[in-house]
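Now for the letters of each chain:
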Amino acid sequence: MVRLTIDLIAKSRNHFKKKRGLSFPEYLKTLTHLHFFSKNIEDIGDLSMCRNLTVLYLYDNQITHICNLGFASNLTHLYMQNNNITHIDNLSNLQKLSKLYLGGNRIAMVEGLETLCELRELHLENQRLEPGEKLLIDPMNLLSLAESLCVLNINNNNIDDIRDLTVLKKLQHFSAADNRLYNMEVKIDVFSHWPQLLQMDLVGNPVCEKKKYRDRLITAAHSLEVLDGKGINELTRQFLINWKASKEARKKKNNKPQSNRKNLMYGLTMLVVLLFFFFFLSEIKRHKNERFLGTDLSFMWLPYRPSAVMDA
């Protein structure tokens, strides 16, 4: 098993030349970037001597757990995509972390990010999930990232609902391509909560097949500059906004006469009912000397009976 340790750093040719003029322990204290990608590393050992580490490249390895990084309080960038990680653990001390790359792992539930108040980019694309599984994000984690997260990549994770993401008020770049997003109205409502959104990618979702998909999203997200890899011309946006406003105005105007006609028909119906009621009362008054409850009231309908016409 290959383990990332101080000894492995010492044996690395990439670091050999940099050690000249410094003892190895002194060199480790000055180390800010550590490149150990594609080295078949399965585990992270004790790196606590690298206290000034700010960027750590560990992508394309065989790592199953995030561990032994509690010392790296100055770490700002962590690249661990394309490993075998199943859970996000042991990041609570990395409070300066700005960019976290975890795409291509086996993560089904995103959690363990509550203390990362400075996290600006979160990359979770292409998780290798079990059949029928979809990527879920803990709502409490989303609330913790609401005031910091600017970039979110959740491409190709079987996601069918993004309503929980409305809390991410600072979001600028959103990628959710190749998922199962369908409902247009829900998407428009979510995007309306992202006033700073500049770029969005939804290619490969069923919602892209909806009528006027692109036009409706452009009018819903007023700050959007790029949609599905295509730029948005400001003149086009303004035209669509004006067209939508005029359409709604016409619809409102057309509905008003229809409403008036309904009110008129209702009034006429009530008038007929009242006239019949007064006619009924007048007939009762005209026959006030008779016993009403025991009397055959067929005389009221006599003029309308065919037999009455024949008798006349």
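Every chain's residues receive numbers from 1 upward, in the order its sequence appears when written. Residues qualify for local features only when their pLDDT is at least 70, as the model is predicted, and side-chain atom pairs are given and counted only at 80 or more; totals for whole chains, interfaces and linings, by contrast, use all residues. Where side-chain values are given, they derive from all heavy atoms of the structure, hydrogens and water being excluded.

Quick word on the overall build of the chain
Here's step 1: Per the convention used, a helix needs a DSSP run of H or I reaching at least four residues, while a strand needs a run of E reaching at least two, with both numbered from the N terminus. What the chain contains, in helices and strands, is 8 helices and 14 strands.
Here's step 2: The 312 residues of the chain split such that 37% are buried.
Here's step 3: Here a residue-residue contact requires only that any non-hydrogen atoms of the pair lie within 4.5 Å. The contacts of the chain with a sequence gap of at least 6 include a subset with a gap of at least 24, amounting to 41%.
Here's step 4: With the model as given, the accessible surface of the chain reaches about 18,600 Å², and the carbon-plus-sulfur share is 55%. A 1.4 Å probe rolled over the protein chains alone gives each residue an accessible area, and that area as a share of the maximum for its type sets the label: buried under 20%, exposed over 50%, partly exposed in between. Only the protein chains shown count as cover for residues, and all accessible areas are computed by the Shrake-Rupley method using a 1.4 Å probe.

Let's talk about the side chain of Ser-148
Here's step 1: Position of Ser-148 relative to the elements: it lies in the loop between α4 (139–145) and β10 (151–153).
Here's step 2: Judged by relative accessible area, which is 8%, Ser-148 ranks as buried.
Here's step 3: Discounting residues that sit within four places of it in the chain, Ser-148 has contacts with Leu-116, Cys-117, Glu-118, Leu-119, Arg-120 and Lys-170.

Some remarks on the nonpolar core
Here's step 1: For our purposes a nonpolar core is just a set of buried Ala, Val, Leu, Ile, Met, Phe, Trp, Tyr and Cys residues, chained together by side-chain atoms within 4.5 Å. Counting residues in hydrophobic clusters, the biggest one holds 71 residues, and the most contacted among them are Ile-9, Ile-154, Leu-165, Phe-174 and Leu-202.
Here's step 2: Listing elements by their share of this core, those giving two or more residues are α1 (6–11), α3 (24–30), β3 (41–44), α4, α5 (184–191) and α6 (213–220).
Here's step 3: Ignoring sequence-local partners within four residues, the contact set of Leu-202 consists of Phe-174, Ala-176, Ala-177, Leu-181, Phe-191, Cys-208, Tyr-213, Leu-217 and Asp-228.

A closer look at the environment of Ser-48
Here's step 1: Position of Ser-48 among the secondary structure elements: in the loop between β3 and β4 (55–57).
Here's step 2: For the pair Ser-48 and Ala-72, spaced 24 residues apart in sequence, the C-alpha separation works out to 7.5 Å.

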